[in-house]
Amino acid sequence: MKHDDCIFCKIVAGEIPSAKVYEDEHVYAFLDISQVTTGHTLVIPKVHTTDIFETPAEIAGELFARVPKIANAIKQVYNPEGVNLLNNNGIFAGQSVYHLHIHIIPRYDDKDGFNAKWVTRDDQFYLGELQEMAKDINDAI
Ligand code: DGP
């Protein structure tokens, strides 16, 4: 269902213009206004869902099923070295628009405008601790 105050719902409805890359019954894809790298595309479900936490599996499935096709089209047109797929959920994860979306960010080199550096902590966890953590998560599924 469309949310009246959601800019991505308005884009799907054609109330806000966009550079449309792809559309079908379930999914809409358009160029991200920020163009972090050339060809930076957002893939969204047509139905409003705020983030990954509230997204039913069928909607997530329909959404991700289109990503390889769109990524390959971007690859064909711009010939990037690779792509990053990014999905931000929540303020500290960098989500600024609260309608689920997958960023497809073409990568041209290591100074192309996108930077996802994280600090690794491989030396701080024993396998047993990781297995306990994994069990807690698995128990919650
Ligand atoms: P995120 O920070 O992951 O929630 O990404 C939201 C993205 O949406 C951000 O990269 C900019 C883009 N964006 C926001 N408003 C508009 C818009 O009106 N049109 C387009 N094409 N992109 C938008």
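Scroll up to find the structure this text is about.
About the criteria used
- By convention here, each chain's residues receive numbers from 1 onward along its written sequence.
- Only residues with pLDDT of at least 70 get local features here, since the model is predicted, and only at 80 or more are side-chain atom pairs given and counted; chain-wide, interface and lining totals rely on the full set of residues.
- Side-chain metrics in this entry use all non-hydrogen atoms of the structure; hydrogen atoms and water are not considered.
- When the centres of two rings from Phe, Tyr and Trp lie within 6.5 Å, Trp using its six-membered ring, the rings pair. Their planes under 30 degrees apart give stacked, over 60 give edge-to-face, and anything left gives tilted.
- Comment: elements are numbered from the N terminus, with helices defined as DSSP H or I runs of at least four residues and strands as E runs of at least two.
- The classification of residues rests on relative accessible area computed with a 1.4 Å probe and restricted to protein chains. Under 20% of the type maximum is buried, over 50% is exposed, and intermediate values are partly exposed.
- Only when DSSP finds a minimum of two bridges between them are two strands counted as paired.
- Here an angle of 0 to 180 degrees is reported between the N-to-C directions of two axes, which are lines fitted to C-alpha atoms, with helices fitted over the stretch in contact.
- Note on definitions: a residue-residue contact is assigned when non-hydrogen atoms from the two residues lie within 4.5 Å.
- One side-chain nitrogen of Lys or Arg within 4 Å of one carboxyl oxygen of Asp or Glu is enough to make a salt bridge.
- Any residue with at least one heavy atom within 4 Å of a molecule or strand is counted as near it.
- Identification of polar contacts relies on pairs of N or O atoms within 3.5 Å, with a donor-acceptor requirement for protein atoms, meaning one able to donate a hydrogen and the other able to accept it, and with residues adjacent in sequence counted only if both atoms are side-chain atoms.
- Surface exposure here means Shrake-Rupley accessible area, sampled with a 1.4 Å probe, where a residue is shielded only by the protein chains that are shown.
- A helix's residues, less one, multiplied by 1.5 Å, set its expected span.

A. Spotlight on the packing of aromatic side chains. The final tally for this structure, using the stated rule, is two aromatic pairs. Taking 5.3 Å as the distance between ring centres and 80° as the angle between the ring planes, the aromatic pair formed by F8 and F30 counts as edge-to-face. Residue F8 is located in helix α1 (residues 7–12), and its partner F30 is located in strand β2 (residues 27–31); the two are separated by 22 residues in the primary sequence. One exposure class covers both F8 and F30, and it is buried. Arranged with centres 5.8 Å apart and planes meeting at 50°, the rings of Y28 and F30 form a pair that is tilted. By relative accessible area, F30 is classed as buried at 3%. Aromatic rings pair up to connect F8, Y28 and F30 into one cluster.

B. Highlighting the sheet that holds strand β4 (residues 82–86). The sheet built from five strands is open, its strands ordered β1-β2-β3-β5-β4 with antiparallel pairing. The open sheet has two edge strands with one neighbour each: β1 (20–23) and β4. Mean inter-strand twist for the sheet, computed between neighbouring axes without regard to direction, equals 20°. Here helix α2 (residues 57–78) sits on the sheet and contacts β1, β2, β3 (41–45), β4 and β5 (102–107); the angle it forms with β5, its principal contact strand, is near 20°.

C. Region of the structure containing the pattern of salt bridges. Under the criterion given, the structure shown has seven salt bridges. A salt bridge links K20 to E23; the nearest nitrogen and oxygen atoms lie 2.7 Å apart. For K20, a relative accessible area of 48% puts it in the partly exposed group. Between D139 and K135 there is a salt bridge whose closest N-O contact spans 2.8 Å. With D139 and K135 both in helix α3 (residues 127–140) and four residues apart, this pair spans about one turn of that helix. Relative accessible area serves as the criterion here: at 49%, D139 is assigned to the partly exposed category.

D. A look at the site of the ligand. The environment of the ligand is made up of 16 residues, and the closest members are D32, N88, G94, S96 and H103. Within the contact set of the ligand, a nitrogen atom lies 3.2 Å away from a backbone nitrogen or oxygen of I33. Between V97 and the ligand, the recorded distance is 3.0 Å, taken from a backbone N or O atom to an oxygen atom. Its free accessible area being 510 Å², the ligand has 82% of it covered by the protein chains. Put simply, the parts of the chain that give the shell around the ligand at least two residues each are α1 and β2. It is α1 that provides the largest number of residues to the shell around the ligand, a total of three residues.

E. Structural context of α2. The first and last C-alpha atoms of α2 sit 32 Å apart over 22 residues, in line with the 32 Å expected at 1.5 Å per residue. Of the surrounding elements, those touching the buried residues of α2 are β1, β2, β3, β4 and β5. At the C-terminal side of α2, N79 shows a positive phi close to 50°.

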